[in-house]
Every structure is written in structure tokens, then in C-alpha cells.
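Structure assessment
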Amino acid sequence: MTTTEHALDRDEPSDPTLYRTPADAVAAPPENLAYVVGFDPTAQRADALFTVCTDPESPEYGRVISHAELPDLGNELHHFGWNACSSALAHAGHHAARRYLIVPGLRSSRLHVFDTGPDPARPRLVKVVEPEELAAKAGYSRPHTLHCGPDGMFLSCLGGADGAEGPGGVALLDHDSFEVLRSWESDHGPQRMAYDVWWHLRQNIAVTSEWGTPALIEDGLVPERLLDRQYGHSLHFWELDSGRHLQRVDLGDENQMVLELRPAHDPEATWGFTNTVVSVEDLSASIWLWNREGENFVVRKVITVPAEPAETEDLPPLLQPFGAVPPLITDIDLSVDDQWLYVSAWGTGDLLQYDVSDPFHPRQTASVRLGGIVGRQPHPAEPDTPLTGGAQMVELSRDGRRAYLTNSLYAAWDAQFYPAGIDPWMVKLDADISHGGLTVDSRFFPHGPDFLGLRVHQTHLQGGDASSDSYCYRR
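All residue numbers here refer to positions counted from 1 along the written sequence of the relevant chain. pLDDT decides what is reported in this predicted model: residues at 70 or higher carry local features, side-chain atom pairs at 80 or more are listed and counted, and totals for whole chains, interfaces and linings draw on all residues regardless. Neither water nor hydrogens contribute to the side-chain values; these are computed over all heavy atoms in the structure.

As named in an unreviewed UniProt entry, the chain is Selenium-binding protein SBP56-related protein, taken from Streptomyces tropicalis. UniProt positions are given in the numbering used here, feature names are shortened, and annotations may be inferred rather than shown by experiment. According to its UniProt record, the chain has this under Sequence similarities (unreviewed entry): "Belongs to the selenium-binding protein family."

1. Brief notes about the state of the cysteines
Cysteine sulfur atoms are paired as a disulfide whenever they fall within 2.5 Å. Enumeration according to the criterion identifies one disulfide in this entry. The cysteine Cys 157 is free of any disulfide, with Cys 148 supplying the nearest cysteine sulfur at 16 Å. Residue Cys 157 is classed as buried on the basis of its relative accessible area, which comes to 0%. Exposure classes here rest on a 1.4 Å probe applied to the protein chains alone. A residue is buried below 20% of its type maximum, exposed above 50%, and partly exposed in between.

2. Re empty space enclosed by the protein
Using a 1 Å grid laid over the protein atoms alone, points where a 1.4 Å probe fits but cannot get out form a cavity; open sets with protein on both sides within 12 Å along at least 5 of 7 lines form a pocket; any residue with an atom within 4 Å of a point counts as lining. Grid points are joined across faces, edges and corners, and a volume is the space filled by probe spheres set on the points. Taken as a whole and assessed by the stated rule, the structure comprises six cavities of 30 Å³ or more. Counted as a void, the largest cavity has a volume near 180 Å³. Taken together, 19 residues make up the lining of the largest cavity; nearest its centre are Trp 199, Pro 263, Ala 264, His 265 and Ser 470. Every helix listed is a DSSP run of H or I at least four residues long, and every strand listed is a run of E at least two residues long, numbered separately from the N terminus. Those elements giving two or more residues to the lining of the largest cavity turn out to be strand 12 (197–200) and strand 16 (255–263). For the second largest cavity, the calculated volume is near 100 Å³.

3. A short note on the pairing of strand 23 (residues 340–345)
Most of strand 23 sits inside the fold, with six of its six residues counted as buried. Residue alternation in strand 23 divides its side chains into two sets, Trp 340, Tyr 342 and Ser 344 and Leu 341, Val 343 and Ala 345, and both sets are buried. Pairing of strand 22 (residues 329–334) with strand 23 involves five bridges; the strand directions are antiparallel. Paired with Leu 334 across the two strands is Leu 341, which belongs to strand 23. Strand pairing is assigned whenever DSSP detects at least two bridges linking the two strands. With six bridges connecting them, strand 23 and strand 24 (residues 350–355) associate as antiparallel partners.

4. Some points on the nonpolar core
Buried Ala, Val, Leu, Ile, Met, Phe, Trp, Tyr and Cys residues form a nonpolar core when they are joined through side-chain atoms within 4.5 Å. Counting 32 residues, the largest nonpolar core has Trp 211, Leu 221, Tyr 231, Met 257, Trp 413 and Phe 417 as its most contacted members. Listed by contribution, the elements that provide at least two residues to this core are helix 4 (214–217), strand 16, strand 17 (271–279), strand 21 (324–325) and helix 6 (411–417). Among the nonpolar cores identified, the runner-up in size contains 26 residues, and Val 197, Ala 206, Val 207 and Leu 251 belong to it.

5. Overview of the environment of Gly 323
Here Gly 323 lies in the loop between strand 20 (308–309) and strand 21. A relative accessible area of 24% places Gly 323 in the partly exposed class. As for Gly 323 and Thr 312, which are separated by eleven residues in sequence, their C-alpha atoms are 5.4 Å apart. Residues count as neighbours in contact if any of their non-hydrogen atoms are within 4.5 Å of one another. Leaving out residues up to four positions away in the same chain, Gly 323 has contacts with Pro 309, Ala 310 and Leu 315.

6. Re the side chain of Ser 141
The residue Ser 141 is located in strand 8 (residues 140–149) in this model. Since its relative accessible area comes to 3%, Ser 141 is described here as buried. Polar contacts here mean pairs of N or O atoms no more than 3.5 Å apart (in protein, one a potential hydrogen donor and the other a potential acceptor; neighbouring residues in sequence count only if both atoms are side-chain atoms). A polar side-chain atom of Ser 141 sits 3.0 Å from the main-chain amide nitrogen of Gly 163. Contact partners of Ser 141, with chain neighbours within four places excluded, come to Ser 109, Leu 134, Cys 157, Leu 158, Gly 159, Gly 160, Ala 161, Asp 162, Gly 163 and Ala 164.

7. Thoughts on helix 3 (residues 131–138)
Of all the residues in helix 3, the buried ones are Leu 134, Ala 135 and Ala 138. Looking straight down helix 3, one finds its buried side chains confined to an arc of 105 degrees; they lie on one side. When the buried face of helix 3 is taken as reference, the exposed residues oriented beyond 90 degrees from it are Glu 132 and Ala 136. Lining the buried residues of helix 3 we find strand 8, strand 9 (152–160), strand 10 (169–173) and strand 11 (180–183). The directions considered for the arc run from the helix axis to the C-beta atoms.

Given below as C-alpha cells:
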């Protein structure tokens, strides 16, 4: 046992949702609440944080039970995260509770801090960090993804100060005051584009991915620049404690937009999955595995999801020249036990389940289609109503038995791929974690007016979920 482990044994956290190991997280009580961000694509109404009941024994199951509106307009809430999670166990003597949700506005560059402590079912806005602070102290804008980790909260940002083209990067925020401290990187190396940030905590390794700069994103996908292969197509590996760039791995410039990072939850592992959204050669999308081999990381493609042929008249104008629906993998999630990978194909509307007990050779075990550009598959609760949008953000419960889906990507991109509009919906699927399988829960379907007409994006679960925490110990 290390000195740090001895220190932690004498100073255990009071928050039971800070889990020492992945197995502890899996065994903890299930979530009773889900938090979901919603935004107005016209920026004429306030965005909001919604709370949804996920307790199947409650009469409010599957219903929105509260919402908290923002005091300002034009934020476009997107991703968000907790102020503290299980990585806090790496810090002897500092165990902030998993209490506050930090909610960035991807378009406004504001950060909104919600307190879930007094009443978890009704989070309360307690602080707003203005974009000027993010620009002045870290040199960034367009905050995207937030993870709680060593030294502070890590906030990936797509733009430079005041919306400049970059480089994007990672800002550090204080765990307790939520103030912007500084930029995390000490040496960017060749990194210029940003998207996600995650790490292998015990190995002192961080990983970042690439989407694009504000000019490539904010007004929608730019077809000419996509075909010219100008979006991100690399992973970057870093020294976590110093922010020093170590290695860039190019996935090939035909594989555009390297997005979500899902490292193994096993703290001794040095592998993880990422996705690319589209290949400019055949419109397929793909899943890639990184793994440390010696001193360097190797990245290999392990899953390819092909495009599907479609009638031209059924396609939005952006896709009509191609005569096909690209799967558009826009989110992935890895179960806490590292056994199951979930892949959202927003274009076709599929949620795909893979057995990744051997991460080098994933095996597809199930798929469910909801919405989709062409199919518009309905929810079983309303079988005669075609769904708009498609399976997009996916969040998985800690025990791996429940997957939650929402259907919007980003306002400007929604308009290109789903020009008829997107009516918000949230879906829960029950997962078979013995042999594989997915079943849509017909009792759980908040949608449309339940979300006040706002489009919903990321979900996080009470007590943590599959994409919130990194763990310090194996057992």
C-alpha cells in the first residue's frame, strides 16, 4: 500500500459517491435522478437545467420534475460536469463533495454553477463565471467538456480568447471557488484544435481530441472544408501533472472529427476508445482504440460503421449529392466495468452495443434505432409518431444496466442534418449485461413540452455515471 493510500485510509471522504474502485461504483445504489441540459436554438429564450426522475418505483418516473432557467440568453448549453468525483481520492485531505454542476455555454463562453446540495431534485444557480474571466486567465473561449481531476476541474475549450481561432485547449478551474486558475498546458507542441480531455490518472497521462475551431463549427458543418480535410483528425498525449505535450497520433486526414474519449476505468489500464464522425472517402464512421506500447501510444481502428444508401429525395440538401446516410458517430460511452461499449450513430439513429471484454476485437451484440435522418423510427410509447433527430448523447448508469439517450447535437448542425426541426426527447434503454441486448423502456419518454420545447443534449446521473469518474484504485 502506498503512502497516499495510507493517508486516505485515515481521511475517508464523507461523500459516499466518491468511489475508491470501479467495482464500488458499480455496487452503489442506482440513480434516482438525471440532470439534462436544454437550449433554445434561436437564443430567444433562456436555456435550462432539467431534472428527470429515474426511480422506477416513483409515480414521477420518466417525468421532468423541475427545471432551473439561466438568467441570460444565447448560451447553448452542451456538455457539463461535476465539481468533484472519485478522482478526489487522489488528494489526501481534500475531498470536495459531488455537489455542484458546472454548466458551460458553448456559444456564450459563460459558466453556470448549480448547487444540488440543499435539494438534489431542484438544483439552484449559485454562480456565473463570465467569458472575460476565462479569456483573461486561461486564454480560451467556447468551453466544451468539463471533468473533475487532479489540481482542479479540467475544462476543454474550442477557441482562443474572445473566440479566436486558437489554439484551443484546457483551462483549469478551482474545485471549491470555481474560479478560472490558468491554462493547463505548459507546452502545446503541435496541438491546435480541441474537443475532449481525459486521462490515465495513475500513469500521469492525459489525452485530448480534436473537433475544430469556432469558424469550422459555429455556423454549421462547412462542406468544402470537410472535403478539404480541415477538421481535426488526431489524438494528443500529454504529461498530466505538467501539461507537457508528449505525442501526436494522426488517425489519417480522411477520418474527420475525433471526438469522445473513453479511457478504461481500470486504473492500471492504458487503453481507451475514441470515435471519428465521418470518413470523407466513403461516409463511414469509426471507433479507434489507443493503447500504450512501450513508451509510446499506438492507435488502431477497431470498428467501422458504414453509410446506408438512401433515396435522394429523402435526404437533406447537404447529403443529396452523396445518395447515402452517414452514420455520424457523435457519442460513445464505456461501461464502468470496461465490458460494454455504446455507440451513438446520430445520422441513422442507431444506438449500437459492443462487447469489448477484448478491447482489440469488439463484437456487436445489439442495436436499437430511434429517429434517424431517413427512418425516423418511433418510440414504443407512441408508435405512430415518427421521431425527429436521432440517438445522440448517451449516458450509462454505473451498474451498466441503463442507458439514457437524447437527440440534439448542436443547433447549427441540427439544422443541416434535420432541417425539418428537432423535437426534444429523452429515452431510457435497459441493457442485458450478461449476454448483450437492448430494450427500450416504454414507460420512460419525456419529450416535447416536457422540456418546454428546448432541445436537450448531455445527461449526467445522480451519484455519478459511466462518463463522470476516474478511479484511483483497482481494489
